[in-house]
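Chains, contacts and geometry: an overview
Listed here are the chains, written in short residue letters.
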Amino acid sequence: MSGQRLPALRRSDPSVQFLPMTARAVLVGVWVAAALLHRFLPGDQRPLAWPLSYAALELLAAASLGYRAWRSPGAGRLAWWLLAISATLEIPNLMIGLLLSRGWTAPWAEGLPSLLGLGTGVLVLAGVLSFPRAQEPRGVLGRRVQDGLIFAVSVLFLLWVLGLQGSLHLTIRGMGLRVFVAYLNAALLGGGVVFMTSYDPGRIRGPLGWLGASALAWLAALSAWALAGLPPVVATQGWIVLAGAIPLFQGLAAWSPRPVEEVLAGPGSERRAVVLLPYLPVAVAIGVLAVLLLSAPGSVTRGAFSIFLVMVALLLLRQFQSIQDLLAARRTLEDRVRQRTRALEQAQDTLLRTERMNTVALMGAGLAHDLNNLLCAMKSSAELATLRLDEGEVPGREDLRRIGVAADRAAHLTGRLMGFARREEEGLSFLDLGTAVKEMEATLRLLLPQTVELRIEAAPGAGLTVQSSRLRVEQMVVNLVANARDAMPEGGILRVRTGVGDSEQPMALLEVADTGVGMTPEIQARIFDPFFTTKAPGHGTGLGLSSLKALVEEGGGQLEVRSAPGRGSRFRILLPLLPVAGVSPR
């Protein structure tokens, strides 16, 4: 037996479907036959025919529930057995009621139907609550209990008021307990179903949905009874066929193909309807009480008002816990936002490091070319000095000086690359943009092949003071220069300049322009999208310009681009200009 699905209810084998289909058809057929028989029989024959028809329905429901209990594995078996016993207990209750209605008297039997009815209701409630539930977060159980109690108390209030309007105070001896037990059972069954489904709305589509329909049929029959004036003999009433739907739906629950444990997520509207189900009778109860207080204040008795106060107390407690849940949810959301923010900051830092490492790799290629030239110069000077020694001459000072200069130049280049790779994020400070760009000239030349002419137009000390860090400026410039180099595979002119931007507010300008292939409007619209790249697979991450834009906007700046196919590209970075170097950062 796989999972919790009944072997007798599997859908894959048509032969196995015969029993549940036949059972459902028999249940519906018996209920329809009982309703038709009740409709066309003379009034004097109904008091005997209806209890027998109802007993047949209860017998079928008990057999169906017992079969489900016998075939059910695990924790669900106890619940089905309790439901089967409750249906079986209703049969002697019907027989005793039939005998009492036909003149049989016994001192001990007067209150027995009420006690048996109470036992039936308790067993039904216990059966519904015995179905297994999934593990729940802390506090959910208490909220389930409150939802079920709110539903039960509000339904009990409505039935109580209907009963009073149906002259409950004029009923015969023993009738009050019978009515109260019937009201209580219907309210408890509805509350139990709400308890099981309020936090698992998908379960309403299985057996619990049929049991909920049974509770609704019970409520409908009791409401009709109350509106008819609570007659002691109900078998002659036309609305009594509604009571026959109670065992009908319980029997159909036993033959439902879905196990109770299966939770199916329904559409949003269905989930909202199920979640709001406990509060629907509350709204009706408040409306009914308001109408009664306005039209007939004397009809609201102390008992009805006490039940209403209990309902209000439960609602207030539920509202308080809802506020606590909202506060806890807000704290949880704030914690998650902080965690996500930290994760995004770490991810951004990782992306920046990745771009930096990619840049280091590109710079390494240029460095290897320059180091090769320097090594050739050193080798030539050393060979010349060796030849002079072989000829008996003393090596010239100029030869040794050239070797030292080449070694110093190589050390400077490698130190520049290692410093660029190791540099960590610096704190924001006042930075002269022209000086920072001018000092990057040697680093930028490592990125470019000999076919690209680099022109830097930056005047140190020109008053272009911005609030940034040297690392950020290097990241911006290197990113744009690397992209410009890729846009000029045949070579060209790359210009990097600083100045004052032509904007309403004073802005420092950092501009990188190339004479490359340019971009189409479609590509320009997407260049700042993360992971978008026009390079071949394995040659670009698509994160350079998106991270560049984030850096610029984080510093309160703007990033502009102009390009056309065959006419190159120009990127303009505008950063807030600090007119006075001594102003403290905002």
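Definitions and limits used
- Residues numbered from 1 in each chain as written.
- Predicted model: local features only at pLDDT ≥ 70, side-chain atom pairs only at ≥ 80, totals over all residues.
- Heavy atoms only, no water.
- Helix = DSSP H or I, 4+ residues; strand = E, 2+ residues; numbered from the N terminus.
- Buried < 20%, exposed > 50% of the residue type's maximum accessible area, 1.4 Å probe, protein only.
- Contact = heavy atoms within 4.5 Å.
- Areas by Shrake-Rupley, 256 points an atom, 1.4 Å probe, with all protein chains shown as cover.
- pLDDT = per-residue confidence, 0-100.
- Axes fitted to C-alpha atoms, helices over the stretch in contact; angles between N-to-C directions.
- Parallel < 35°, antiparallel > 145°, perpendicular 65-115°, else oblique.
- Left-handed = near helix turned anticlockwise from the far one by under 90°.
- Nonpolar A, V, L, I, M, F, W, Y, C, P; charged D, E, K, R; others polar.
- Core = buried A, V, L, I, M, F, W, Y, C linked by side-chain atoms within 4.5 Å.
- Pairing = 2+ DSSP bridges.
- Expected span 1.5 Å × (residues − 1).
- Salt bridge = Lys/Arg side-chain N within 4 Å of Asp/Glu carboxyl O.
- Patch = residues over 30% accessible without salt bridge, like charges linked within 9 Å, V, L, I, M, F, W, Y side chains within 5 Å.
- Phe/Tyr/Trp six-rings, centres within 6.5 Å; stacked < 30°, edge-to-face > 60°.
- Lys NZ or Arg CZ within 6 Å of the ring centre and 35° of its normal.
- Polar contact = N/O pair within 3.5 Å; in protein donor to acceptor, adjacent residues only side chain to side chain.

Re the overall build of the protein chain
Secondary structure assignment for the protein chain yields 17 helices and seven strands. Within the protein chain, the fraction of its 586 residues that count as buried is 44%. Partitioning the contacts of the protein chain with sequence separation of at least 6, the portion at a separation of at least 24 is 77%. For the protein chain, the exposed area adds up to about 30200 Å²; of that, 63% sits on carbon and sulfur atoms.

Some points on the confidence of the model for the protein chain
Looking at the protein chain, pLDDT values average 76 and 76% of them are 70 or higher. Across residues 166-173, confidence stays below pLDDT 50; counting only partners more than four residues off in sequence or on other chains, it has 12 contacts. Per-residue pLDDT stays below 50 along residues 581-586; that stretch engages in six contacts with residues further than four places along the chain or on separate chains.

Description of the packing of helix α2 (residues 46-71) against helix α3 (residues 76-101)
Following both chains from N to C, one finds α2 and α3 inclined at 165 degrees, their axes separated by 8 Å at the closest point. The orientation of α2 relative to α3 falls into the category roughly antiparallel. Along this stretch, α2 crosses α3, giving a crossing that reads as left-handed.

Concerning the packing of helix α1 (residues 18-40) against α2
For the pair α1 and α2, interaxial distance at closest approach is 10 Å and the crossing angle is 170 degrees. Judged by the inter-axis angle, α1 sits roughly antiparallel to α2. Here α1 and α2 pass one another in a crossing that is left-handed. Across the interface between the two elements, Leu19, Val26, Leu27, Val30, Trp31, Ala34, Leu37, His38 and Arg39 of α1 pack against Arg46, Ala49, Trp50, Ser53, Leu57, Leu60, Ala61, Ser64 and Tyr67 of α2. Grouping the amino acids of the contact of α1 with α2 by side-chain chemistry returns 13 nonpolar, three polar and two charged.

Topic: the nonpolar core
In terms of nonpolar packing, the biggest core is built from 73 residues, with Trp80, Phe131, Phe157, Tyr183, Leu211, Leu222 and Trp225 touching the most fellow members. Counting 39 residues, the second largest nonpolar core, distinct from the first, contains Val473, Val478, Ala508 and Leu545.

Details of the pairing of strand β5 (residues 507-514)
Burial analysis of β5 places eight of its eight residues in the buried class, the great majority of the element. Here β5 shows a buried face lined by Met507, Leu509, Glu511 and Ala513 and a second buried face lined by Ala508, Leu510, Val512 and Asp514. Bridge analysis of strand β4 (residues 492-500) against β5 gives seven bridges, and the strand direction is antiparallel. Within β5, the position partnered with Gly499 by the bridge is Leu509. Here β5 runs beside strand β7 (residues 569-576); their pairing, made up of seven bridges, is antiparallel. Paired with Met507 across the two strands is Pro576, which belongs to β7.

Regarding the sheet that holds β7
Read from one edge to the other, the open sheet built from five strands follows the order β2-β4-β5-β7-β6, with strand pairing classed as mixed. Sheet topology places β2 (452-457) and β6 (558-563) at the edges, where each strand pairs with a single neighbour. Strand after strand, the sheet turns through a mean of 10 degrees between neighbouring axes, direction not considered. For β2 and β4, the ladder comprises six bridges, and the chain directions are parallel. Bridging across to β4, Ile456 finds its partner in Val496. Relative to β5, helix α15 (residues 470-486) is tilted by about 20 degrees, and along the sheet it contacts β4, β5 and β7.

Quick notes on helix α7 (residues 207-227)
Here α7 is 21 residues long and its end C-alpha atoms lie 30 Å apart, about the 30 Å a rise of 1.5 Å per residue gives. Burial runs high along α7: 16 of the 21 residues are buried. Positioned one or two residues after α7, Gly229 has a phi angle of 95 degrees, which is positive.

Let's talk about the pattern of salt bridges
Scanning the model with the defined rule gives 10 salt bridges in all. Here Asp335 makes a salt bridge to Arg338, at a shortest N to O gap of 2.2 Å. Residue Asp335 and its partner Arg338 are located together in helix α11 (residues 302-390), separated by three residues, close to a single helical turn. Residue Asp335 is classed as partly exposed on the basis of its relative accessible area of 34%. Taking relative accessible area as the criterion, Arg338 reaches 45% and is therefore assigned partly exposed. Where salt bridges share partners, they join Arg495, Arg497, Glu511, Glu560, Arg570 and Arg572 into one cluster.

Considering a nonpolar patch on the surface
The grouping of Val28, Val32, Leu36 and Phe40 at the surface amounts to a nonpolar patch, some 370 Å² of accessible area in total. Positionally, Val32 belongs in helix α1.

Thoughts on the packing of aromatic side chains
According to the stated counting rule, one finds five aromatic pairs in the structure shown. Ring centres 5.2 Å apart and planes at 75 degrees place the aromatic pair Trp80 and Phe131 in the edge-to-face group. Remark: Phe131 occurs in the loop between α4 (112-129) and α5 (140-165) and Trp80 occurs in helix α3; sequence separation between them is 51 residues. The ring of Phe40 has Arg39 lying over it, and the distance from NZ or CZ to the ring centre is 5.4 Å. Directly above the aromatic system of Trp70 lies the positively charged group of Arg71, at a separation of 5.4 Å from the ring centroid.

Examining helix α8 (residues 241-254)
The terminal C-alpha atoms of α8 lie 21 Å apart, and with 14 residues this matches the ideal 20 Å at 1.5 Å per residue to within 8%. Across the 14 residues that make up α8, a large majority, 12, are buried. Those residues of α8 that sit buried are Val241, Ala243, Gly244, Ala245, Ile246, Pro247, Leu248, Gln250, Gly251, Leu252, Ala253 and Ala254. Contacts from the buried residues of α8 go to α1, α2, α3, α4 and α7.

Regarding the side chain of Asp432
If you trace the backbone, Asp432 turns up in strand β1 (residues 429-432). Within the structure, the side chain of Asp432 is placed 2.6 Å from the side chain of Thr435, a separation counted as a polar contact.

Things to note about the side chain of Glu511
Looking at the secondary structure, you find Glu511 in strand β5. Among the polar contacts made by the side chain of Glu511, one reaches the side chain of Arg495 at a distance of 3.3 Å. Not counting chain neighbours up to four residues away, the residues in contact with Glu511 comprise Arg495, Val496, Arg497, Arg570, Phe571 and Arg572.

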